[in-house]
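Here is what each chain is made of, one letter per residue.
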Amino acid sequence: METRDLLLQHITNKAVVHGRVVLSSGQEAEYYVDMRRVTLDGVASPLVGDVMLDVVADLDITAVGGLTMGADPVATAMLHAAHRRGRSLDAFVVRKGEKQHGLRRQVEGPDIAGRRVLAVEDTSTTGGSVLTAVDAIRAAGAEVAAVAVIVDRDTGARERVEAAGLEYRAAFGLADLGL
């Protein structure tokens, strides 16, 4: 079975939870895609890294990251997958706000100033979280090559990210998940 198909199987079996929920966007849905059940899974996480690297294979990027917490395991999986492929790719974490002690950084990890980077998210509804990360990434001096998500809920994130002038890529949409 192809890596993408294996990851899709993990997502549909582990991450899709049926029942009424309120999403971080404030919208209500009849299901929830809990990607932490996949991105933090010891078998599925390596698949995440491989699939997401394939999604952005044509982009010239040197680092990947996004808003904590959804982006953290995605970026880490991609870092490890890149290493397995003989490629160097750094990961970084965007805090929801500037740290109030120490170096007072909002973007943690290797310095991204002057670098071309990828902003990631595990799943996106409106694009708000990843665009918050994009603002912090740009403020840290990096160029955002694109935004990439594992699952796009097909509810406006693509349009909002593209309206902000960024390319948007998703490994899977709701149709792929049978939703």
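Attention here is on the structure that accompanies the text. (Residues numbered from 1 in each chain as written. Predicted model: local features only at pLDDT ≥ 70, side-chain atom pairs only at ≥ 80, totals over all residues. Heavy atoms only, no water.)

Quick look at the packing of helix α1 (residues 3-15) against helix α3 (residues 44-55) now. Here α1 crosses α3 at 130°, and the two axes come no closer than 9 Å. Considering their axes alone, α1 and α3 lie oblique with respect to each other. Once α1 is placed against α3, the crossing between them reads as left-handed. In this structure, α1 contributes T3, R4, L6, L7 and H10 to the contact, and α3 contributes A44, L47, V48, D50 and V51. (Axes fitted to C-alpha atoms, helices over the stretch in contact; angles between N-to-C directions. Helix = DSSP H or I, 4+ residues; strand = E, 2+ residues; numbered from the N terminus. Parallel < 35°, antiparallel > 145°, perpendicular 65-115°, else oblique. Left-handed = near helix turned anticlockwise from the far one by under 90°. Contact = heavy atoms within 4.5 Å.)

As for its position among the elements, L89 is in the loop between α4 (72-84) and β4 (90-94). In the structure, L89 is positioned 26 residues away from A63 in sequence and 5.3 Å away in space, judged by C-alpha atoms. Beyond its immediate stretch of four places on either side in the chain, L89 contacts L53, I61, T62, A63, V64, M78, L79 and A82.

Moving on to the pattern of salt bridges. Throughout the structure, instances matching the rule amount to 15 salt bridges. Linking D58 and R169 is a salt bridge whose minimum nitrogen-to-oxygen distance equals 2.5 Å. Of this pair, D58 sits in the loop between α3 and β3 (63-67) while R169 sits in strand β8 (residues 168-173), and the two are 111 residues apart along the sequence. A salt bridge links R158 to E162, with the nearest nitrogen and oxygen atoms 3.6 Å apart. (Salt bridge = Lys/Arg side-chain N within 4 Å of Asp/Glu carboxyl O.)

In the sheet, strand β1 (residues 16-22) pairs with strand β2 (residues 28-33) via five bridges, with the strands oriented antiparallel. Across the sheet, the residue bridging to V21 is A29, located in β2. Hairpin remark: β1 followed by β2, antiparallel, with five residues in the connecting loop; positive phi at G26, about 95°. (Pairing = 2+ DSSP bridges.)

The next thing to look at is the packing of α3 against α4. Interhelical geometry of α3 versus α4 gives an angle of 75° and a closest axis separation of 7 Å. On the basis of their axis angle, the class for α3 and α4 is roughly perpendicular. Residues S45, P46, V48, G49, D50, M52 and L53 of α3 form the contact with α4, whose participating residues are V74, A77, M78, A81, A82 and R84. When the residues that make up the contact of α3 with α4 are grouped by side-chain class, the tally is nine nonpolar, two polar and two charged. (Nonpolar A, V, L, I, M, F, W, Y, C, P; charged D, E, K, R; others polar.)

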